[in-house]
Structure formats: structure tokens, C-alpha cells
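Understanding the architecture of this molecule
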Amino acid sequence: MGRPAVVLATVVLVAAVLYAGVVPVLRPVDDALVDFAISRRPPSLEFPFGTDNAGRDVFVRAAEGMRSSLLIAAATALGAAVVGALVGVSAGALGGWWDRIAMRVVDAVNSLPSLLLTLLIVAMYRGSVLAIVVSLVLTHWTSIARVVRGEVLAVRHAEFVQAARLRGVPQWRMIRQHFVPVAMGQILIGVVLLIPHAIWHESTLSFLGVGLPPHRASLGTLLSDAQASILLGDWWLLVFPAGVLTLVTLAVAVLGRSWQRKAQALQEVSS
């Protein structure tokens, strides 16, 4: 990944975070407020992203939607990292029957359609942010578990681990002192790479009507609202939220891949 691309991705991500955090504070919008006098206005200096059918500023609503999507994605990535790290470290460190059971569970979860499983869970608690996060965690922890297990297995038979085992160091202490630090780099990279996946999944759920409630702004609900409006020629209701979603996910993906390659290069040098 070239340096210009990484710099550009960093700038885009910082700008998106500032946009999501600052704009809704400076220009708050009441989602329940309807003003048909300014509804369906195209982009202008007053309304950079235009207005929707209810006369709400799409520039502000897209910022609110980005904030909701980023918070849900961050919570999902952290939750999946915790579950995946616990399973991966314990499977790699303990081995034996626990390793076999853990990997069979990973295979079973991976064999299920993640979107369908997420839809089933969220449909029972429609509109619940907690249900969205839990459903995404349950379908996204397996990739981190596999990577972390591989990192632990790579050092399980290393000399310093064998020396610690001969000294009678308890297993839990070896996990804390040796295995977790080795896997921490991959865990952090996994968190970053999961964020764009979680953003798209949350947006998909809200777009399908089973995620956040329609009155609460998220990138998915904005895109769902734009379905009917695009047929009336209100192109800005689709283009701007979709553009924000695409730019942010691409920026996070570029940074995540860059950090992953750097971590792999450091591992090769150290080995």
C-alpha cells in the first residue's frame, strides 16, 4: 500500500470522525420536526447535501448517521476482538480437546450465512442497538479467533515458553505474559479491519428495516429513505449518504491493510 494512499485514507478518516462528531453538535436537527416549506431542496450553500422529504438537512443527518454507524461498528469490533481473542488464545495455549472443540465451533459459525443469522437475531429485538451489536459480534469473532490461535501456536513451542514451563510457571501466567502480548498486534489489526465490515452490516440491517428505527439517523436508514425519493429525481438523498459510507469504509480498509503488512514485515524481521 503506497504512502500517498495511506495519507489520503488517514485524512479522510479524521475528517469523517470530525464531521460525525462536530456537525450534529453545531447544527442539531430534530428528527421529529417536519418543514415541508424547505423539503426536497437540492444541494446549495445553505444545505450542502440538500434536504429530504421532511425538510431535514441531509448534511446534518448524514453526520448523525455516520456517528451512529461508527459507534455501533466500534462496539462490534471491540466485542468481536474480546471473544475472538479469548477463544483463540485459549485454544492455542491449551491445545488438545479444547482446541478441537473451539475450532469446530469456529467452523460451524463460519458455515452459517452471517447476514441471515444476524437478521434472525435482530428481528427478535427490532430497533435495539444492543441486539445489533450482539448479533454482529456473534457473526464476526471467528476471523480474529483463527488468526490469534495461529499466532499462539507459532510461539507455543518456542524456547522461552518451554523454559517457563520447566520452571513451573502456571498456565494462566504464561498466557498473560507470553501468549497475549504476541497476539496483541493481530488483535488490534483485527479490530481495525472489522470496523468497515460492521459498518456495512449495520447499514444493511437498517436498510432492510430491521436495524435502527426509521426516525433514528444511520447510514442504512438514510439509504432506505432514499429508495422512493430517487425515483422522483432526488438523487442527492442517495448519493451523499452512500458516498460518505463508501469513503469511510475504504479509508479504514486501506489503513487496516497497511498496518497488517507492517506487522507482518516486523514479524519476518524478528524471526
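Report on the accompanying structure. Just so you know, these numbers come straight off a predicted model, no measurement behind them.

Each helix and strand in the protein was counted, giving 10 helices and 0 strands. Starting at the N terminus and walking to the C terminus, you meet the elements of the protein as α-α-α-α-α-α-α-α-α-α. C-alpha atoms of the protein, sized along the principal axes, occupy 80 × 45 × 30 Å. Buried positions account for 46% of the 271 residues belonging to the protein. Across the protein, every contact between residues at least 6 apart in sequence was considered, and the portion connecting residues at least 24 apart equals 71%. Total accessible area computed for the protein in this model is approximately 13900 Å², and 69% of it derives from carbon and sulfur atoms. The positive charge centre, built from 21 side chains, and the negative charge centre, built from 15, are 13 Å apart in the protein.

The next subject is the side chain of Glu202. On the secondary structure map, Glu202 appears in helix α8 (residues 171–207). If we skip the residues at most four places from it in the chain, Glu202 touches Ser69, Ile72, Ile132, Leu136, Leu212 and Ser218.

Scanning all chains against the criterion turns up 7 aromatic pairs. For the ring pair Phe49 and Phe240, a centre distance of 4.3 Å and an interplane angle of 5 degrees mean the geometry is stacked. Taken as a pair, Phe49 in the loop between α1 (3–26) and α2 (58–94) and Phe240 in helix α10 (residues 236–270) lie far apart in primary sequence, 191 residues in all. Neither residue differs from the other here; Phe49 and Phe240 are each classed as buried. Ring pairs connect the aromatic residues Tyr19, Phe49, Phe59, Trp235, Trp236 and Phe240, which therefore count as one cluster.

The rules behind these values
- Residues numbered from 1 in each chain as written.
- Predicted model: local features only at pLDDT ≥ 70, side-chain atom pairs only at ≥ 80, totals over all residues.
- Heavy atoms only, no water.
- Helix = DSSP H or I, 4+ residues; strand = E, 2+ residues; numbered from the N terminus.
- Buried < 20%, exposed > 50% of the residue type's maximum accessible area, 1.4 Å probe, protein only.
- Contact = heavy atoms within 4.5 Å.
- Areas by Shrake-Rupley, 256 points an atom, 1.4 Å probe, with all protein chains shown as cover.
- Lys, Arg positive; Asp, Glu negative; His and termini not counted.
- Charge placed at Lys NZ, Arg CZ, Asp CG, Glu CD.
- Phe/Tyr/Trp six-rings, centres within 6.5 Å; stacked < 30°, edge-to-face > 60°.

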